[in-house]
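# Structure at a glance
Here's the letter readout for the chains.
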Amino acid sequence: MVTTRVVDLRSDTVTKPNEAMRCAMAAAEVDDDVLGFDPTAKKLEMEVAKIMHKEAALFVPSGTMANLISVMVHCEVRGSEVILGDNSHIHVYENGGISTIGGVHGKTVPNNINGTMDIEKIVKAIRSIEEEMYYPTTRLICLENTHGNTGGRCLSVEYTDKVGEVAKKYGIKLHIDGARIFNASVALGVPVHRLVQAADSVTVCLSKGLGAPVGSVIVGSTEFITKAKRLRKTLGGGMRQVGVLCAAAYVALRDNVHKLADDHRRAKILADGLQQMEYFSVDLNSVESNMVYFDIKNSKISADRLCEVLEERGVITMPYSSTRIRLVLHHQISDGDVQFALTCIKEGVDQILTGGKNGKIVQNLINIVPVPTV
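Conventions adopted
- Residues numbered from 1 in each chain as written.
- Predicted model: local features only at pLDDT ≥ 70, side-chain atom pairs only at ≥ 80, totals over all residues.
- Heavy atoms only, no water.
- Patch = residues over 30% accessible without salt bridge, like charges linked within 9 Å, V, L, I, M, F, W, Y side chains within 5 Å.
- Areas by Shrake-Rupley, 256 points an atom, 1.4 Å probe, with all protein chains shown as cover.
- Salt bridge = Lys/Arg side-chain N within 4 Å of Asp/Glu carboxyl O.
- Helix = DSSP H or I, 4+ residues; strand = E, 2+ residues; numbered from the N terminus.
- Buried < 20%, exposed > 50% of the residue type's maximum accessible area, 1.4 Å probe, protein only.
- Phe/Tyr/Trp six-rings, centres within 6.5 Å; stacked < 30°, edge-to-face > 60°.
- Lys NZ or Arg CZ within 6 Å of the ring centre and 35° of its normal.
- Pairing = 2+ DSSP bridges.
- Lys, Arg positive; Asp, Glu negative; His and termini not counted.
- Contact = heavy atoms within 4.5 Å.
- Expected span 1.5 Å × (residues − 1).
- Arc of directions from axis to C-beta.
- Axes fitted to C-alpha atoms, helices over the stretch in contact; angles between N-to-C directions.
- Parallel < 35°, antiparallel > 145°, perpendicular 65-115°, else oblique.
- Left-handed = near helix turned anticlockwise from the far one by under 90°.
- Nonpolar A, V, L, I, M, F, W, Y, C, P; charged D, E, K, R; others polar.
- pLDDT = per-residue confidence, 0-100.

Moving on, we get to a nonpolar patch on the surface. Judged by side-chain polarity, Val92, Tyr93 and Tyr320 come together as a nonpolar surface patch covering roughly 260 Å² of accessible area. Along the chain, tyrosine 320 falls in the loop between strand S12 (318–319) and strand S13 (324–328).

Taken as a whole, this structure holds 19 salt bridges when the rule is applied. For the salt bridge of aspartate 8 with arginine 10, the shortest nitrogen-to-oxygen distance reads 2.5 Å. A relative accessible area of 31% places arginine 10 in the partly exposed class. Note that arginine 324 and aspartate 295 form a salt bridge whose closest N and O atoms lie 2.8 Å from each other. Residue arginine 324 is located in strand S13, and its partner aspartate 295 is located in strand S10 (residues 291–296); the two are separated by 29 residues in the primary sequence. A residue is classified by how much of its surface remains accessible, and arginine 324, at 24% relative accessible area, is partly exposed.

As enumerated under the stated definition, the model contains three aromatic pairs in all. On the numbers, 5.0 Å between centres and 90 degrees between planes, the contact of tyrosine 293 with tyrosine 320 is edge-to-face. Of this pair, tyrosine 293 sits in strand S10 while tyrosine 320 sits in the loop between S12 and S13; the two residues are 27 residues apart in sequence, bridging distant segments of the chain. Members of the aromatic cluster, each reached through a chain of ring pairs, are Tyr279, Phe280 and Phe294. The residue whose ring lies beneath lysine 43 is tyrosine 250, and the NZ or CZ to ring-centre distance is 4.3 Å.

All right, on to the sheet that holds S12 then. The strands making up a sheet associate through hydrogen bonds between their backbones, and the pairing can be parallel or antiparallel. Here four strands make up an open sheet; going across it, the order is S9-S10-S13-S12 and the pairing antiparallel. Lying at the two open borders of the sheet, with one neighbouring strand each, are strand S9 (280–281) and S12. Taken together, the two bridges between S9 and S10 define a ladder with antiparallel strand orientation. Across the sheet, the residue bridging to phenylalanine 280 is isoleucine 296, located in S10.

To continue, consider the side chain of glutamate 45. Structurally, glutamate 45 is set in helix H2 (residues 39–52). Arginine 232 provides the closest opposite charge to the buried, salt-bridge-free glutamate 45, at an N-O distance of 4.5 Å. Sequence-distant contacts of glutamate 45, defined by excluding residues within four places in its chain, comprise Ala57, Leu58, Phe59 and Arg232.

Glancing now at helix H10 (residues 222–234). When the terminal C-alpha atoms of H10 are compared, their 19 Å separation across 13 residues agrees well with the 18 Å that a helix rising 1.5 Å per residue should span. Regarding H10, the residues found buried are Phe224, Ile225, Ala228, Leu231 and Arg232. Taken end-on, H10 shows its buried residues confined to a sector of 120 degrees, consistent with a single buried face. Within H10, the exposed residues directed more than 90 degrees away from the buried face are Glu223, Thr226, Arg230 and Thr234. Buried-residue contacts for H10 involve H2, strand S2 (56–60), helix H3 (63–74), strand S7 (201–205) and strand S8 (216–220). Glycine 236 occupies a position one or two residues after H10 and carries a positive phi of about 85 degrees.

Another aspect to go through is the packing of H3 against H10. At a closest axis distance of 9 Å, the pairing of H3 and H10 adopts a crossing angle of 120 degrees. Classed by the angle they form, the pair H3 and H10 counts as oblique. For the element pair H3 and H10, the recorded crossing hand is right-handed. Judged by residue contacts, Met65, Ile69, Ser70, Met72, Val73 and His74 of H3 engage Phe224, Lys227, Ala228, Leu231 and Arg232 from H10. For the contact of H3 with H10, the residue count by class is seven nonpolar, two polar and two charged.

Next up on the list: the confidence of the model for the protein chain. Mean pLDDT over the protein chain: 94, with 94% of residues reaching 70 or higher. This stretch, residues 359–374, has a pLDDT under 50; its non-local contacts, to residues over four places away or in other chains, come to 32 contacts.

Moving on to H2. Its 14 residues give H2 an end-to-end C-alpha distance of 20 Å, which sits within 8% of 20 Å, the value for a rise of 1.5 Å per residue. Here H2 has its buried residues at Thr40, Ala41, Leu44, Glu45, Val48, Ala49 and Met52. Buried residues along H2 cover an arc of 165 degrees about the axis, so they all sit on one side. Those residues of H2 that are exposed and angled more than 90 degrees off the buried face are Met46 and Lys50.

Printed below as a string of structure tokens:
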């Protein structure tokens, strides 16, 4: 019997809306959100603002738009510059929008392996007022928590507070790309509002770890959100009866935060299993949230080929580089799925090394006892 089981570890953005979300979407009370009257959108925004201990919030289609709007509000004066990590999502993966659309210059500081930037390097990157004839004006610092490209590492509240102190000292703003800020909160055991206390604005992606089908939320002061809403319209993010989407996002926020701890636990199990295979190396200390990066040590195995073989067996992954693969856990991955994935990875490697052509894995050859979810 050929298995039809699929374990999708490409990202936590691949989750499907559950029955509770679909029911909420069908029953959502809606109105025109561009005119400011959609009650379900207002409910979600008020809830996120309350959780973050900020004055106001705004629902937008994506995290990329959320970050772009935030940077543009803080840097509305031409000739502005933002300090951000050289390996940050805003700098690497958001199509250069802050410069091509926002007209904002990015000043990169090296990200450390734990996702931070050295405080002294941030300070050094701040432009002197005496040099404004020649250089852009520093108006913003951006942090990312959790930090995706370093393995989902969590920035501590102590570190974030220190960056906030630097921002205040130099009269500039602090923005947190908090796409997975709830993952950081759960992993660190720190209330999410405390993690973002020093920030002037925060973006939260509800369609990643929390499993909503669509949407991010920007939070900040009332004045900041008023400007953000205007920019959302400018960028084409006004979506009329958006309560249909906000209803599902509200369910995700209500029901799925407590599931993140299990995602983190399963990530560690997955990392431990990979580390035990001679073909791979995993920095176990880097597995702090729901991401696992593993490096392939055998030159006969490429990341592309391994991903191809795994997909044939029902495990969907994406290469990060020619020798590295990233796996991301989410609430629709069970303990049994983790064990299934580990078995497929081991058998997939054996297939590559022996030159085998087995495609689909045969269910009765897999000796897996699913572990009950806790």
